[in-house]
Amino acid sequence: MFLQKLVPVRCACGSPRVFGLSWLSGYFRKDQAALKRGRMNVPCYWVLQVLISAVLFLVMLVGGCEVFLGTTFGYKLVYWKHTKRMNILSPLLNLSRIRPGSSHLVERTPEITDTVDRGDTAVCILPDLDPRDPEIKAFDYSVNKLKCSDEENWAFVENGTFRKAVSAENKYGRFMCEITPFEAKGDLETFTGRRILDAVDGFLLKQDFLQVKCITNYERVYTNVHIGIAYKHDLHMRSQLKSLPPKAMGGYDILMLGFDSISRLSWMRNLPQTRQFFLNELDGIELEGHNVLGDGTVQAIMPLLTGHLELDLPSARRDNASAVPYIDNFPFIWKNFKEAGYVTAWGEDMHNFGTFQLRLNGFRKAPVDHYMRPYYMVAETHYNTRLYGCLGSDPRHMRLFNYFRDMYHMYGSKKRKFMFGFHSEFSHEDNNRVKMVDEDFANFLTNLSNSGYLNHTILILMADHGARFAGIRKTQQGKLEERLPYFSFSFPPGFKAAYPKEVEQLRQNRKRLTTMFDIHETFHDLLDNNPQRKSRTKERGISLFKPIPTSRTCKEAGIEPHWCACLNWADASQDKMLKASAGKAVVNYLNSLTEIARDRCEPLSLDRVLSLARFVPRDKVLAFKQSADKHGDVPDLSDVMTLNSEYLQVTLVTTPGEGQFEVTLTHFHKTGSFHVRTEAISRINKYGNSAACVVQDQPNLRQFCYCKASTKPA
């Protein structure tokens, strides 16, 4: 009777006993009305029963699942990740996915070893990597906690004000402080302001940075460099004078904090406290298919901030005589935010390796309202005389983080801010040292959250690429991790309430192939959420608020084959003839690059080929022709492709100098020739001072040049 009540009224007419006496008597009596009632019951009643039975049968027999009765009389399915059929049922049953035996590393996120869209429609299948893989354990070790001076710094900056520490006055009595403000004078020099001989407690800063020298009556001396946010009236007025664009998405603050050389899996290993707080408390969303666009920081930050690769823009390389003298006119996204009434800030440590200054000509004027480069130009001169990682009692990394905390203190919640900070000191050479930052970084985010600042902030935690030089890079997984950096978003409650579809779409995109081009397009959507808006990335980027097709290829995303983590490689090291030919082609190309400096750079010879791999396309990559539906979810796999060439990846050692290179090159089957490009070459061991002879005028040759003995510094 229960099932009968579920069927439509018209099907419930007549006897519920479909093959009962009423139907049989009608058959023998040739009663058409009775027969009709029976026929109506058969398709409705039995079809429903069969349907429900089939679903229950599938749930019970699909394999790898157990059903537990919950305390709230609900059901929870626990199943293994390889039970793919359950992925079809789980959205219908609204059941939780739990991976048996998983560790704290995977809390709140679907399996961290998932590929990008493992479904049959996916073209890019990323590798199934384990952050605790046995091969990686040898390169993952603990480090001692950073220990700075127990004595509190005598001075500090608070909300644009110079302050003397009470603890120092209690210990030493009254002391005098001389402060010297300074600011940028281009990217290579600093400008010193008027010196204040006896700065009183509460002195208002005119610039963000100052050198401090204090002395007691007993001639005990304190010297340090300090940093804060100085009051600027015009910046406080900007949000009132410049309105948000009509279709801007709420005018929320943007705070982006990044680390150099941290892959997604390395972030899991080295920043567990930060990650746990970000995911569990801030509802963070991690991009699991985020792929690099090139080699190094510039190839990540330039597309992120301008929507272009370095080679798309006018040359600004220091060793190019015809290059533009400065990059001030490049289309940096902070200019768009400034026009929308935002106060802007950018800071990175290690000024000698500045993103825009090491190989490029840098800026003529400060590119943002609050620019940290002059601070590091002065502060780094103090490092050799201080405890490692410290400036007095302050950890150096906290100076970077707190600069952006002070942005909130100075401008509050009403004035719009675009802020980007990038840390390299503890991550560039060895990811393990980032463990020293983890607790401080987690506490920093906790304090921002508890202060309410993140209630009006879109928080982005990111990295430019994975480790490039550390030992892990010599493993197969290390090579893949280099191509898969960390990138994540956290949205404030107000944004999620106002734009639920956009946030949900970004969640769906987290397992799709993404790049910095997509982040750049997302920034533009925040300022102009217009479906008809033109691409700012030459059609290579897709805003994360819009669907990214599962059929997306690396080529469509603007990713060169050398950097595409989707590619499957097969070992070809047994082909000795191909190894020798490929190695020779690479060395010939390296020598062609250094020919311009042959008076200083030794010609290289092939010492040995360490490995050779061949790219083997998946069948669906070769067969993919176009999307068969308007959403790009269903592929048309009717294409027939003949391969006239193949991609090879060779790892080799050159002499002199024992330079190790990893190179992706094209091998043409018909002619047997090879094509090598500079963008597809990675130097995978350090070159130190062996390239010192070209640092000043040919810095782009550093990784390829081994200086002749006569040109090396004494």
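See the structure printed just above.
What comes next is a walk through the structure.

Criteria and cut-off values
Chains are numbered independently. Their residues run from 1 in the order of the written sequence. Totals for whole chains, interfaces and linings use all residues, but because this is a predicted model, local features are given only for residues with pLDDT of at least 70 and pairs of side-chain atoms are given and counted only at 80 or more. For the side-chain quantities, the full set of heavy atoms in the structure was used; hydrogens and water were omitted. Helix and strand definitions follow DSSP, with helices as H or I runs of at least four residues and strands as E runs of at least two, each counted in order from the N terminus. Note on exposure labels: buried denotes an accessible area under 20% of the residue type's maximum, exposed denotes more than 50%, and partly exposed covers the range between, all computed with a 1.4 Å probe on protein chains only. Exposure was quantified through the Shrake-Rupley algorithm and a 1.4 Å probe, taking into account, for residues, occlusion by the shown protein chains and nothing else. Note that patches include only residues with greater than 30% relative accessible area and no salt bridge, and the join distances are 9 Å for like charges and 5 Å for nonpolar side chains (Val, Leu, Ile, Met, Phe, Trp, Tyr). We count a salt bridge whenever a side-chain nitrogen from Lys or Arg sits within 4 Å of a carboxyl oxygen from Asp or Glu. Throughout this description, the term nonpolar core refers to a set of buried Ala, Val, Leu, Ile, Met, Phe, Trp, Tyr and Cys residues connected via side-chain atoms within 4.5 Å. It only takes one pair of heavy atoms within 4.5 Å for two residues to be counted as in contact. Think of it this way: a Phe, Tyr or Trp ring, Trp meaning its six-membered ring, pairs with another when their centres are within 6.5 Å, and the plane angle makes it stacked under 30 degrees, edge-to-face over 60, tilted otherwise. Throughout this description, the term charge over a ring refers to an Arg CZ or Lys NZ atom that lies within 6 Å of the ring centre and within 35 degrees of the ring normal. Pairs of cysteine sulfur atoms within 2.5 Å are what we label disulfides. The criterion for strand pairing is that DSSP finds at least two bridges linking the strands in question. Axis definition: a line fitted to C-alpha atoms, over the contacting stretch in the case of helices. Angles run 0 to 180 degrees between N-to-C directions. For this classification, under 35 degrees means roughly parallel, over 145 means roughly antiparallel, 65 to 115 means roughly perpendicular, and everything else is oblique.

Let us now look at the overall build of the protein chain. When helices and strands are counted, the protein chain shows 20 helices and 25 strands. Counting over 714 residues, the protein chain shows a buried share of 52%. Total accessible area on the protein chain stands at roughly 33900 Å², and carbon and sulfur atoms take up 54% of it.

Taken together, Met176, Ile215 and Val221 make up a surface patch of nonpolar side chains, about 240 Å² in accessible area. Tracing the chain through its elements places Met176 in strand 5 (residues 176-185). On the basis of relative accessibility, which here comes to 39%, the residue Met176 falls in the partly exposed class.

So, on to the environment of Cys601. Inspection of the secondary structure puts Cys601 in the loop between helix 19 (576-594) and strand 20 (605-615). Note: C-alpha distance between Cys601 and Ala691 (90 residues apart in sequence) is 8.2 Å.

Bringing the nonpolar core into the picture now. As a rule of thumb, soluble globular proteins bury nonpolar side chains together. Among the nonpolar cores identified, the biggest contains 67 residues, and Leu304, Phe356, Met462, Phe487, Phe489, Phe495 and Phe523 are the most heavily contacted of them. Put simply, the parts of the chain that give this core at least two residues each are strand 10 (253-259), helix 10 (298-306), helix 11 (333-339), strand 16 (417-423), strand 17 (457-463), strand 18 (487-490), helix 17 (500-509) and helix 18 (516-527). In this structure Leu304 touches Met256, Phe420, Met462, Phe487, Met516, Ile519, His520 and Phe523, once residues within four positions along its chain are discounted. Core analysis: the next-biggest nonpolar cluster, separate from the first, contains 52 residues, Leu257, Phe259, Met410 and Leu445 among them.

Counted according to the given criterion, the structure contains 39 aromatic pairs. For the ring pair Trp154 and Phe175, a centre distance of 5.1 Å and an interplane angle of 50° mean the geometry is tilted. Of this pair, Trp154 sits in the loop between helix 5 (134-137) and strand 3 (155-158) while Phe175 sits in the loop between helix 6 (166-172) and strand 5, and the two are 21 residues apart along the sequence. For the pair shown, Trp154 and Phe175 are each scored as buried. Arranged with centres 4.8 Å apart and planes meeting at 20°, the rings of Tyr408 and Tyr453 form a pair that is stacked. Taken together, the residues Tyr408 in helix 13 (residues 396-411) and Tyr453 in the loop between helix 14 (435-450) and strand 17 connect sequence positions 45 residues apart. Chaining the aromatic ring pairs together yields one cluster made of Phe330, Phe332, Trp334, Trp346, Phe356, Phe363, Tyr371, Phe420 and Phe422. One cation-aromatic arrangement involves Lys164 over Phe175; the distance from NZ or CZ to the ring centre is 5.3 Å.

What follows covers the state of the cysteines. Each disulfide is one covalent bond, formed between the sulfur atoms of two cysteines. Across all of its chains, the model carries five disulfides by this definition. Here Cys177 engages in a disulfide with Cys214; their sulfurs sit 2.0 Å apart. Where Cys177 bonds to Cys214 through sulfur, the torsion about that S-S bond is close to 105°, and the disulfide is right-handed. With Cys177 in strand 5 and Cys214 in strand 8 (residues 209-215), the pair connects residues that are 37 residues apart, well separated along the chain. Under the relative-accessibility criterion, Cys214 is labelled buried at 0%.

Spatially, 3-4-7 is the arrangement adopted by the three strands of the open sheet, whose pairing is antiparallel. Looking along the sheet, the strands with just one partner apiece sit at the ends: strand 3 and strand 7 (203-204). With two bridges joining them, strand 4 (residues 161-164) and strand 7 adopt antiparallel strand pairing. Looking at the pairing, Phe162 lines up with Phe203 of strand 7.

The next thing to look at is the sheet that holds strand 19 (residues 569-571). Within a sheet, each strand pairs with its neighbour through backbone hydrogen bonds, oriented either parallel or antiparallel. Across the sheet, five strands lie side by side as 19-20-23-24-25; this open sheet has antiparallel pairing. Each of the sheet's edge strands pairs with one partner strand only, and the pair in question is strand 19 and strand 25 (674-683). Pairs of neighbouring strands in the sheet enclose a mean axial angle of 35°, with direction left out of account. With ten bridges connecting them, strand 23 (residues 645-655) and strand 24 (residues 659-668) associate as antiparallel partners.

What follows deals with the side chain of Ser690. On the secondary structure map, Ser690 appears in the segment after strand 25. Residues contacting Ser690, with those up to four places away along its chain left out, are Cys705, Tyr706 and Cys707.

The next subject is unusual backbone geometry. Cis rather than trans, the peptide bond between Thr655 and Pro656 has omega equal to 0°. Among the secondary structure elements, Pro656 is positioned in the loop between strand 23 and strand 24. Phi is positive for Asp283, close to 55°, though the residue is something other than glycine. Among the secondary structure elements, Asp283 is positioned in the loop between helix 9 (272-280) and strand 11 (285-286). With phi around 55°, Glu658 is a residue other than glycine that occupies positive phi space. Here Glu658 is to be found in the loop between strand 23 and strand 24. Glu658 sits in the partly exposed class, given a relative accessible area of 38%.

Once that is clear, we can look at the pattern of salt bridges. Enumeration over the complete set of coordinates arrives at 41 salt bridges. The closest approach of N and O atoms between Lys242 and Glu339, which form a salt bridge, is 3.5 Å. Here Glu339 lies in helix 11 and Lys242 lies in the loop between helix 7 (233-241) and strand 10, a separation of 97 residues in the sequence. The exposure class of Lys242 is partly exposed, given its relative accessible area of 28%. With a relative accessible area of 53%, Glu339 lands in the exposed category. A salt bridge links Arg399 to Asp394; the shortest N-O distance between them is 3.0 Å.

Quick look at the packing of helix 9 against helix 14 now. At a minimum axis distance of 7 Å, the contact between helix 9 and helix 14 shows a crossing angle of 25°. Compared by their axis directions, helix 9 and helix 14 come out roughly parallel. In contact with Pro272, Gln273, Thr274 and Phe277 of helix 9, helix 14 contributes Asp438, Glu439, Phe441, Ala442, Leu445, Thr446 and Ser449.

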